[in-house]
Amino acid sequence: MNQLVETIQRAVLEALPRPEQAGRSELGQYAGMLREYPRRGGKMLRGRLVILTARAYGDDTAALPAAAAIELFQNWVLIHDDIEDDSEERRGQPALHRLYPMPLALNAGDGLHAVMWRVLVEAGARRKILQEFANLIETTASGQHLDLSWTLEGRFDLSAADYLEMVERKAAYYTGVAPLRLGALSAGTLPHPAFSGAGLELGTAFQIIDDVLNLEGDHDAYGKEIAGDLWEGKRTLILIDYLSKAGAADRKRAEEILRKPRERKTAEEVAWLHERILASGAVRRARRLAEEKAAAALAELENVFAGLPDQEAATAATRLLRALVEREK
């Protein structure tokens, strides 16, 4: 599996400009910025799932460009997301806009977006694959709008259903649905209907687990700032659950803290809220919901993969699907 990670990362980096070939120093900086997040690596979960799904269908010859493109998508979206959330870290290192002026980081994200489309066009990607990428970008952007607007508007009148709708759009589709569909399309076949329904449930479980690890994970393993969601005021399922059950005084103080922009929050305030949430049982309840969603979705997806031609690849794909939601501290 490490070889597959290296293959995808190499394809991503080979599509990007090199600083030493840029000529002008400014363009050398630009090339380095485009390579910064891809250079940091990552598990390449989505790209690997594209290739393994195509291989399970019996033909992965056209899958590598789609795998590289979805990882390029992941990287430019993360740059924009880090800026929009004013995040501190990404993959254990400072976020790009912490290393360079924000407008340059934003522009680097735009550059990676363009490279993503170039990789697909130069590979002669089928129309359905191009349509899938357009759909996953539009879906993700709509979910990001919900997430950002709730924070900017100071909304606390949200329910678990609101959170789930946002996550299905923002994260679940491009994590649990698009890689499976792109794998099938790369193999020249129509995606199984379960890839949409069960894939969405699995992607939702993935994001809930990510929210859990943000509050109780290990910093080195998680690769992002612990309690970053509290610093950023994210309306997670965990926060919504906590606020719905908190006493009036605690809820009032929590909302006052969350309404503050990051630079006005203090470490003591965030630590107080973090401790209250951990003690409330909200994290445990969120993990349980994620496990329930994952169990049903995995059973359905494993049944689909059990009927595909290449069972070695199908087994590897289902193992990877399990890894999406079986992450620990």
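Residues numbered from 1 in each chain as written. Predicted model: local features only at pLDDT ≥ 70, side-chain atom pairs only at ≥ 80, totals over all residues. Heavy atoms only, no water.

Below, the discussion takes up the overall build of the protein. Helix and strand counts for the protein come out as 16 helices and 2 strands. Taking 20 Å as the expected radius of gyration for a compact globule of 329 residues, we find that the protein reaches 20 Å, a close match to that expectation. Every one of the 329 residues in the protein was classed for burial, and the buried ones make up 53%. Contacts in the protein between residues at least 24 apart in sequence constitute 73% of all its contacts with a sequence separation of at least 6. Taken as two groups, the 43 positive and 50 negative side-chain charges of the protein have centres that lie 1 Å from each other. (Helix = DSSP H or I, 4+ residues; strand = E, 2+ residues; numbered from the N terminus. Rg over C-alpha atoms; globule rule 2.2 N^0.38 Å. Buried < 20%, exposed > 50% of the residue type's maximum accessible area, 1.4 Å probe, protein only. Contact = heavy atoms within 4.5 Å. Lys, Arg positive; Asp, Glu negative; His and termini not counted. Charge placed at Lys NZ, Arg CZ, Asp CG, Glu CD.)

As enumerated under the stated definition, the model contains 5 aromatic pairs in all. Note on Trp117 and Phe133: the rings are 6.4 Å apart at their centroids and 65 degrees apart in plane angle, and the pair reads as edge-to-face. You can see Trp117 sitting in helix H6 (residues 102–122) and its partner Phe133 sitting in helix H7 (residues 127–152), a full 16 residues away along the chain. Relative accessible area serves as the criterion here: at 27%, Trp117 is assigned to the partly exposed category. One Lys or Arg, Arg235, reaches over the ring of Phe156 and ends 4.1 Å from the middle of that ring. (Phe/Tyr/Trp six-rings, centres within 6.5 Å; stacked < 30°, edge-to-face > 60°. Lys NZ or Arg CZ within 6 Å of the ring centre and 35° of its normal.)

All right, on to the pattern of salt bridges then. With the rule as written, the count across this model stands at 30 salt bridges. A salt bridge links Arg90 to Asp81; the shortest N-O distance between them is 3.9 Å. Here Arg90 matches Asp81 in class, with each residue buried. For Glu132, the salt bridge is made with Arg181, and the minimal N-O distance between the two is 2.8 Å. (Salt bridge = Lys/Arg side-chain N within 4 Å of Asp/Glu carboxyl O.)

So, on to the nonpolar core. With 106 residues, the main nonpolar core has Phe133, Leu136, Leu202, Tyr242, Ile277, Phe305 and Leu321 as its most contacted residues. Among the elements that line this core, the one with the most residues is helix H4 (residues 63–85), at 13 residues. Look past the residues within four positions of Phe133 in its chain and what remains in contact with it is Ala66, Ala69, Ile70, Met116, Trp117, Leu120 and Leu182. (Core = buried A, V, L, I, M, F, W, Y, C linked by side-chain atoms within 4.5 Å.)

Our next topic: helix H8 (residues 160–186). Along its length, H8 reaches its greatest deviation from straightness, about 70 degrees, at Ala172. In terms of burial, H8 is largely enclosed, as 19 of its 27 residues are buried. With its phi angle positive at about 80 degrees, Gly188 sits one or two positions after the end of H8. (Bend = angle between axes of the 7 residues up to and from the residue.)

Quick look at the packing of helix H1 (residues 2–14) against H4 now. Relative to each other, H1 and H4 sit at 70 degrees, their axes nearing to 9 Å. Classed by the angle they form, the pair H1 and H4 counts as roughly perpendicular. Contact residues: Thr7, Ile8, Ala11 and Val12 in H1; Leu64, Ala67, Ala68, Glu71 and Leu72 in H4. Tallied by class, the residues present in the contact of H1 with H4 amount to 7 nonpolar, 1 polar and 1 charged. (Axes fitted to C-alpha atoms, helices over the stretch in contact; angles between N-to-C directions. Parallel < 35°, antiparallel > 145°, perpendicular 65-115°, else oblique. Nonpolar A, V, L, I, M, F, W, Y, C, P; charged D, E, K, R; others polar.)

Turning next to unusual backbone geometry. For Asp86, which is not a glycine, the phi torsion comes out positive at approximately 55 degrees. Mapped onto the fold, Asp86 is located in the loop between H4 and strand S1 (89–90).

The next point concerns the side chain of Glu225. Here Glu225 is to be found in the loop between helix H10 (219–222) and helix H11 (228–232). Side-chain polar atoms of Glu225 contact the side chain of Arg262, separated by 2.6 Å. (Polar contact = N/O pair within 3.5 Å; in protein donor to acceptor, adjacent residues only side chain to side chain.)

Let us look at the packing of helix H9 (residues 194–216) against helix H15 (residues 282–305). The N-to-C vectors of H9 and H15 enclose an angle of 150 degrees; their axes lie 8 Å apart at closest approach. It follows that H9 is roughly antiparallel to H15 by the angle criterion. Of the two elements, H9 crosses H15, and the hand of that crossing is left-handed. Across the contact of H9 with H15, the residue classes break down as 20 nonpolar, 2 polar and 5 charged. (Left-handed = near helix turned anticlockwise from the far one by under 90°.)

Along the chain, Gln131 turns up in helix H7. Considering only alpha carbons, one finds Gln131 and Ala108, 23 residues apart in sequence, at a separation of 24 Å.

Right, let's get into H4. Helix length check: H4, at 23 residues, gives a terminal C-alpha distance of 32 Å against a target of 33 Å (1.5 Å per residue), a fit within 8%. Within H4, 20 of the 23 residues are buried, leaving the element largely enclosed by the surrounding structure. Within two residues after H4, Asp86 carries a phi angle of roughly 55 degrees, on the positive side. (Expected span 1.5 Å × (residues − 1).)

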